[in-house]
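Results of the structural survey
Below are the chains, spelled out letter by letter.
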Amino acid sequence: VGMATMVLIGILKFVLAFFGATVRRVIPAAGIFGSIGGVGIALLGTLQLATIFSEPVVGMIALGIVLYALVARIRLPYRAPEVLVAVASGALLYYGLGASGLLVHDLAVPHATLTFGLPLPSAQFLQGMPAVLHDYLALAIPFALLTIIGGVINTESARAAGDEYETRDILLTEAFATLVAGVCGGVAQTTPYIGHPAYKAMGGRAAYTLATGIFVGLGGILGYIAFLAGALPLPALAPILVFIGIEMTTQSYAAVPRRHAAAVTLTVLPSVAYLVVIFLGQVHGGALLGAALDPAATMKSTGLTNPAFIQTCAVMVMLANGFIITAMLWGGVVAFLIDRAAGRAAVLLLIAALFSVVGLMHSVLPTGGVYAPGASGSTWPAHWAAAYIALALLLWVLSRTRAYRESPPFPTSA
């Protein structure tokens, strides 16, 4: 079933790849880069702090070296490679403190168990295809769409960093890789990884990308990736993700007109909601993730008696589902309003209404799946769609007034 889902997602990506460039042209840069910034702040930044400070001495030293050498860009003695020094220093501290019994937690020593598994094409995915088409199509569609949009965002991020790529070619490569992975037994789809400006700042070029692909590919075949993941302490690795998050967030503001800064900031918020939902999913066996679909059942299963809290959980879940799309559209709306293009802002709101009613955005399902209009089992989608439509109509009406026509342009100094 996992293979069949991958193959289906790969096929969907081949179709969606031809619309990526259109998204890149239609959505203002604030919407695209702001969604990157949100991921940088919430998921690659804040979320990693818990890992870094789980072992404060190890994490702080590794983070300090990253801030010193990569953020402040101060050379290390003997031109030592910054990332290697940060990780190695953290790892040495971890095992040194662990051997002395000075860690917060017990020292974890991995076992070197290597395996061999050559990925070979197989037609077994055909056995799972009926189940996917019947039960998992609603999950496959939004996952394919989100990673395609992620590919568009990453391509635009690379362009802002000085590297121009054809959006369609990047997305077709992503689709082909996903399809091949599914046929060869893969159950996790591939997509361009976020953070191009950070890798470039660390000195990564085409050879680095090629070496990474070979190293990780062989690691999957031979099994040493699992060993390294256990051998290298997470508090020493997490600072690298924080640096990537810092670079992404910095680019989000630097790559757009200064007047669009407010639009970028707004796009960060759905990623924060996603961060909240990550933690909600860890309590009460994930029961709070059903708050939007069935609040009464959620209260009963969790024993919670505060309806306002359950409602807040429901809203967080809906903001988190499809958060990348939400961020892009919200940022685009504000950017268009700042540029006195209320009509275009209204169009994006109508698109948001359509996406909301079918679950591509603000899905009420704990899985974030899509559904036919009116088939979700909740009234929330209709209310969200109505809210977007009402705001679109309001903007259209206001744009026809004399006050709108006589409003001065947004201050150019800002």
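Note that the structure is predicted; figures quoted are calculated from it, not measured. (Residues numbered from 1 in each chain as written. Predicted model: local features only at pLDDT ≥ 70, side-chain atom pairs only at ≥ 80, totals over all residues. Heavy atoms only, no water.)

**Topic: the overall build of the chain**
- The helix and strand inventory of the chain stands at 18 helices and zero strands.
- A compact globule built from 414 residues should have a C-alpha radius of gyration of about 22 Å, and the chain, at 23 Å, falls within 12% of that.
- Taken along the three principal axes of its C-alpha coordinates, the chain extends 70 × 55 × 50 Å.
- Buried positions account for 42% of the 414 residues belonging to the chain.
- By sequence separation, contacts in the chain at least 24 residues apart represent 77% of the contacts at least 6 residues apart.
- Just so you have it, the chain exposes about 20,700 Å², and 71% of that area is on carbon and sulfur atoms.
- Looking at charge distribution, the chain has the averaged site of its 18 positive side-chain charges lying 12 Å from that of its 14 negative ones. (Helix = DSSP H or I, 4+ residues; strand = E, 2+ residues; numbered from the N terminus. Rg over C-alpha atoms; globule rule 2.2 N^0.38 Å. Buried < 20%, exposed > 50% of the residue type's maximum accessible area, 1.4 Å probe, protein only. Contact = heavy atoms within 4.5 Å. Areas by Shrake-Rupley, 256 points an atom, 1.4 Å probe, with all protein chains shown as cover. Lys, Arg positive; Asp, Glu negative; His and termini not counted. Charge placed at Lys NZ, Arg CZ, Asp CG, Glu CD.)

**Considering unusual backbone geometry**
- At Arg73, a residue that is not glycine, the phi angle is positive and equals roughly 60 degrees.
- Take Arg73: it is sitting in the loop between α4 (56–71) and α5 (82–99).
- For Arg73, a relative accessible area of 57% corresponds to the exposed category.
- Positioned with a positive phi, Arg79 is a non-glycine residue whose angle comes to about 55 degrees.
- Of note, Arg79 is situated in the loop between α4 and α5.

**Describing the environment of Ile246**
- By secondary structure assignment, the location of Ile246 is in helix α11 (residues 234–254).
- Overall, the relative accessible area of 30% leaves Ile246 in the partly exposed class.
- Sequence-wise, Ile246 and Leu394 are 148 residues apart; in three dimensions their C-alpha atoms are separated by 37 Å.
- Among all residues touching Ile246, those that are not within four sequence positions of it are Leu67 and Val71.

**Thoughts on the packing of α5 against α11**
- Here α5 crosses α11 at 150 degrees, and the two axes come no closer than 7 Å. In terms of orientation, α5 and α11 fall into the roughly antiparallel class. Crossing of α5 against α11: the hand is right-handed. Every residue of α11 that contacts α5 at Val83, Val87, Gly90 and Ala91 is listed here: Ala236, Leu237 and Ile240.
- Of the residues assigned to the contact of α5 with α11, the class counts are six nonpolar, one polar and no charged. (Axes fitted to C-alpha atoms, helices over the stretch in contact; angles between N-to-C directions. Parallel < 35°, antiparallel > 145°, perpendicular 65-115°, else oblique. Left-handed = near helix turned anticlockwise from the far one by under 90°. Nonpolar A, V, L, I, M, F, W, Y, C, P; charged D, E, K, R; others polar.)

**Remarks on the pattern of salt bridges**
- Under the defined criterion, the tally for this structure stands at eight salt bridges.
- Between Glu247 and Arg73 there is a salt bridge, with the nearest N and O atoms lying 3.9 Å from each other. Here Arg73 lies in the loop between α4 and α5 and Glu247 lies in helix α11, a separation of 174 residues in the sequence.
- Given a relative accessible area of 15%, Glu247 falls into the buried group.
- The residue Asp169 makes a salt bridge to Arg168 at a minimum N-O spacing of 3.9 Å. (Salt bridge = Lys/Arg side-chain N within 4 Å of Asp/Glu carboxyl O.)

**Topic: the packing of helix α3 (residues 29–52) against helix α12 (residues 261–280)**
- Viewed as axis vectors pointing N to C, α3 and α12 meet at an angle of 35 degrees, and their least axial separation amounts to 7 Å. Relative to α12, α3 is oriented so that their crossing is right-handed. Together, Ala30, Gly31, Gly34, Ser35, Gly37, Gly38, Val39, Ile41, Ala42, Leu43, Thr46 and Leu47 of α3 and Ala263, Val264, Thr267, Val268, Ser271, Val272, Tyr274, Leu275, Ile278 and Phe279 of α12 make up the contact between the two elements.

**Points about a nonpolar patch on the surface**
- Residues Phe116, Leu118, Leu120, Leu210, Ile214, Leu218 and Leu222 make up a contiguous nonpolar surface patch of about 710 Å² in total accessible area.
- Positionally, Phe116 belongs in the loop between α5 and α6 (125–160). (Patch = residues over 30% accessible without salt bridge, like charges linked within 9 Å, V, L, I, M, F, W, Y side chains within 5 Å.)

**Let's talk about the side chain of Thr326**
- Inspection of the secondary structure assignment puts Thr326 in helix α15 (residues 323–338).
- Thr326 gets classed as buried once you look at its relative accessible area, which sits at 0%.
- Sequence-distant contacts of Thr326, defined by excluding residues within four places in its chain, comprise Pro270, Asn321, Met361 and His362.

**Some remarks on the environment of Ala372**
- Relative to the elements of secondary structure, Ala372 occurs in the loop between α16 (342–358) and α17 (380–398).
- Judged by its relative accessible area of 44%, Ala372 falls in the partly exposed class.
- For the pair Ala372 and Thr265, spaced 107 residues apart in sequence, the C-alpha to C-alpha distance is 32 Å.

**Here we look at the side chain of Ser157**
- Relative to the helices and strands, Ser157 resides in helix α6.
- On the basis of relative accessibility, which here comes to 2%, the residue Ser157 falls in the buried class.
- When sequence neighbours within four positions are dropped, the list of residues in contact with Ser157 reads Phe33, Ile36, Pro197 and Gln251.

**Some thoughts on the environment of Glu174**
- Examined against the element boundaries, Glu174 turns out to sit in helix α7 (residues 167–183).
- When the C-alpha atoms of Glu174 and Ala17 are compared, they prove to be 8.8 Å apart, with 157 residues separating the residues in sequence.
- Excluding its chain neighbours within four sequence positions, the residues that come into contact with Glu174 are Lys13, Thr147, Ile148, Gly151, Thr190, Thr191 and Pro192.
- At 3.2 Å, the side chain of Glu174 forms a polar contact with the side chain of Thr191. (Polar contact = N/O pair within 3.5 Å; in protein donor to acceptor, adjacent residues only side chain to side chain.)

Limitation: the analysis is restricted to geometry and does not speak to function.
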